[in-house]
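What follows is the residue order along each chain.
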Amino acid sequence: MRATTIHAPFDMRVEDVPDPVIQDSTDVVLRVLRACICGSDLWAYRGESARQPGQRIGHEFLGIVEAAGSDVTGFAAGDLVVAPFVWSDGTCEYCAEGLQTSCPRGGFWGSVGSDGGQGEAVRVPFADGTLVKLPADAASDDHLLTALLALSDVLGTGHHAALGAGVKPGSTVAVVGDGAVGLCGVLAAKRLGAERIIALGRHTARTDIARAFGATDVVAERGEAAEAAVRELTGGQGAHGVIEAVGTEQSMRTAVAITRDGGSIGYVGVPHGSGTGLDLSFMFDRNIALRGGVAPVRAYIPELLPDVLAGTIDPSPVFDLTVDLDGVPAGYKSMEDRTALKVLVKP
């Protein structure tokens with residue numbers, strides 16, 4: 001089969017790799033119908049997170065089960081399924097608590113020795129604890145498949161951020177970051193009943209999506225100017241909840257500065273940079289809470305899936321460029337150059 005591999009910074013290749021096979025009785029082999037490139041993949045692409053030459057990559061995908069191990073009870077060949085970006089056994093205490101990202105036997109797609117989603121097929125460990133079945137007729141609905149793909153990461157991650165930010169009906173929410181996760185944070189905040197949603201972003205194509213997803217205001221400034229703009233929009237108080245979807249020191253400083261006294265920050269931007277941007281004394285004095293981290297999207301898929309199927313929420317607009325497998329290296333460059341928001345891959 002063919003799959004995307006990374007060999008060095010900015011050196012992405014689509015190569016022949018061994019076909020996945022059932023190795024453990026709890027495995028399935030899945031044929032990939034849809035995958036995508038994540039903003040977090042760009043850290044490896046830039047060389048800012050280490051990868052071994054030839055390592056597989058990609059952690060967002062859905063597809064058709066081709067074969068199932070003898071102990072798999074929930075899936076059979078022919079089933080359409082979506083995979084969250086972490087596999088998990090479904091039996092440990094963390095899985096029972098809905099924190100599948102801490103499963104001791106879990107792991108991330110594309111880690112050393114595992115398959116990546118940006119390829120033709122994937123071996124899925126612990127299939128019963130990991131995968132979620134989708135309606136079979138969705139396989140013939142191109143638009144719906146694209147929307148369902150967002151369940152593998154960005155939609156659930158935006159939801160995790162909104163929960164961390166304490167979004168509730170009638171609240172005012174600010175979203176720092178206009179990438180796919182930030183935009184899905186807007187969608188999640190709207191779904192949870194936020195009355196006012198302030199999207200911070202400078203790219204019109206992205207802020208147009210934010211408005212379509214439910215943003216009531218857009219702030220294009222950065223740094224202190226952005227802080228002042230949000231304060232002005234909120235009568236000087238700031239937002240009840242702030243979604244931080246970037247992960248830089250500057251973005252976290254902005255998030256803290258625009259949070260209302262007694263408010264909460266939901267952070268899901270992968271931290272990178274020289275510092276955290278946190279001033280604990282400032283947060284202490286103003287009773288600001290900080291919640292978030294790696295999103296356990298497996299816990300959220302059953303809740304979000306019915307709304308996607310019904311069209312109540314549609315995250316598909318975050319995918320603004322589509323490539324085949326051979327186009328994946330160019331897709332990475334497009335996202336790095338910010339000419340694409342999120343690249344959909346059709347193997």
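Placed above this text is the structure.
Right, let's walk through the structure included here. Predicted, not measured: the structure shown is a model, and the values here were computed from it. Numbers given for residues are sequential positions, taken from 1 along each chain in its written order. pLDDT decides what is reported in this predicted model: residues at 70 or higher carry local features, side-chain atom pairs at 80 or more are listed and counted, and totals for whole chains, interfaces and linings draw on all residues regardless. Excluded from the side-chain calculation are hydrogens and water; included are all heavy atoms of the structure.

1. Here we look at the overall build of the protein chain
Of regular secondary structure, the protein chain possesses 12 helices and 18 strands. Against the globule reference of 20 Å for 347 residues, the protein chain gives a C-alpha radius of gyration of 20 Å, in line with a compact fold. Counting only C-alpha atoms and orienting by the principal axes, one finds that the protein chain spans roughly 60 × 40 × 35 Å. Accessibility here uses a 1.4 Å probe with only protein chains present; expressed as a share of the type maximum, an area under 20% marks a residue as buried, one over 50% as exposed, and anything in between as partly exposed. Counting every position in the protein chain, which comprises 347 residues, the buried fraction comes to 56%. In what follows, a contact means two residues having at least one pair of non-hydrogen atoms within 4.5 Å. The long-range share in the protein chain, meaning contacts at least 24 apart out of those at least 6 apart in sequence, stands at 70%. Of the roughly 14000 Å² of accessible surface on the protein chain, 50% is carried by carbon and sulfur atoms. Only four residue types enter the charge count: Lys and Arg as positive, Asp and Glu as negative, with His and the chain ends excluded. By convention, the charge on Lys lies at NZ, on Arg at CZ, on Asp at CG and on Glu at CD. On the protein chain, the mean spot of the 28 positive side-chain charges and the mean spot of the 43 negative ones are 4 Å from each other. What counts as a helix is a DSSP run of H or I of at least four residues, what counts as a strand is a run of E of at least two, and both are numbered from the N terminus. Our radius of gyration looks at C-alpha atoms and nothing else; its globule reference is 2.2 Å times the residue count to the power 0.38. Accessible surface area values rest on a Shrake-Rupley calculation with a 1.4 Å probe, where residue burial reflects the displayed protein chains alone.

2. Considering the packing of aromatic side chains
For Phe, Tyr and Trp, rings pair up if their centres lie within 6.5 Å, where Trp contributes its six-membered ring, and each pair is then called stacked (planes under 30 degrees apart), edge-to-face (over 60) or tilted (otherwise). Across all of its chains, the model carries five aromatic pairs by this definition. Ring geometry for Phe-61 against Trp-109: centres 5.1 Å apart, planes inclined by 70 degrees, an arrangement best described as edge-to-face. Of the two residues, Phe-61 is situated in strand β5 (residues 61-68) and Trp-109 in the loop between β8 (107-108) and β9 (121-124); the sequence distance between them amounts to 48 residues. Ring centres of Trp-87 and Trp-109 lie 5.0 Å apart, and the angle between their planes is 55 degrees; on these two criteria the pair is classed as tilted. One end of the pair, Trp-87, is in strand β7 (residues 86-87); the other, Trp-109, is in the loop between β8 and β9, with 22 residues separating them in the sequence. Summarising the burial analysis for this pair, Trp-87 and Trp-109 share the class buried. An aromatic cluster of three or more residues is present, and its members are Phe-10, Tyr-45 and Tyr-332. Placement of a positive charge over a ring is assigned whenever Lys NZ or Arg CZ falls within 6 Å of the ring centre and within 35 degrees of the normal to the ring plane. Of note, Arg-46 hangs over the ring of Trp-43, and the distance from its end group to the ring centre comes to 4.7 Å.

3. Side note on the sheet that holds strand β15 (residues 259-267)
One open sheet holds the six strands; their spatial order is β13-β12-β11-β14-β15-β16, and the pairing between them is parallel. The open sheet has two edge strands with one neighbour each: β13 (217-219) and β16 (289-292). Here the strands of the sheet are splayed against their neighbours by 20 degrees on average, with no regard to which way each runs. Strand pairing requires that DSSP identify at least two bridges connecting the strands. In terms of strand pairing, strand β14 (residues 239-244) meets β15 through five bridges, oriented parallel. Bridging from a neighbouring strand, Glu-244 pairs with Tyr-267 of β15. Under this scheme, a helix contributes an axis fitted over its contacting stretch, all axes are lines through C-alpha atoms, and angles between N-to-C directions fall in the 0 to 180 degree range. In the packing of helix α5 (residues 154-164) onto the sheet, contacts are made with β14, β15 and β16, and the angle to β15 comes to roughly 155 degrees.

4. Some details on helix α6 (residues 180-191)
What a helix is expected to span follows from its residue count: subtract one and scale by 1.5 Å. Taking 1.5 Å of rise per residue, 12 residues should cover 16 Å, and α6 covers 16 Å from first to last C-alpha, within 8% of that figure. Of all 12 residues in α6, 10 are buried, a share of seventy percent or more. Within α6 the residues assigned to the buried category are Ala-180, Val-181, Gly-182, Leu-183, Cys-184, Gly-185, Val-186, Leu-187, Ala-188 and Ala-189. Summarising the contacts, the buried residues of α6 are in contact with α5, β11 (172-176), β12 (196-200), α7 (204-213) and β14. Positive backbone phi, at 100 degrees, marks Gly-193, one or two positions downstream of α6.

5. Section: the sheet that holds strand β4 (residues 55-56)
Strand-to-strand pairing in sheets goes through backbone hydrogen bonds, with the strands running parallel or antiparallel. Read across the open sheet, the three strands follow the order β2-β1-β4; overall the sheet is antiparallel. Each edge of the open sheet is held by one strand with a lone partner, namely β2 (11-16) and β4.

6. Description of the environment of Ala-220
Inspection of the secondary structure puts Ala-220 in the loop between β13 and α8 (223-233). For Ala-220, a relative accessible area of 41% corresponds to the partly exposed category.

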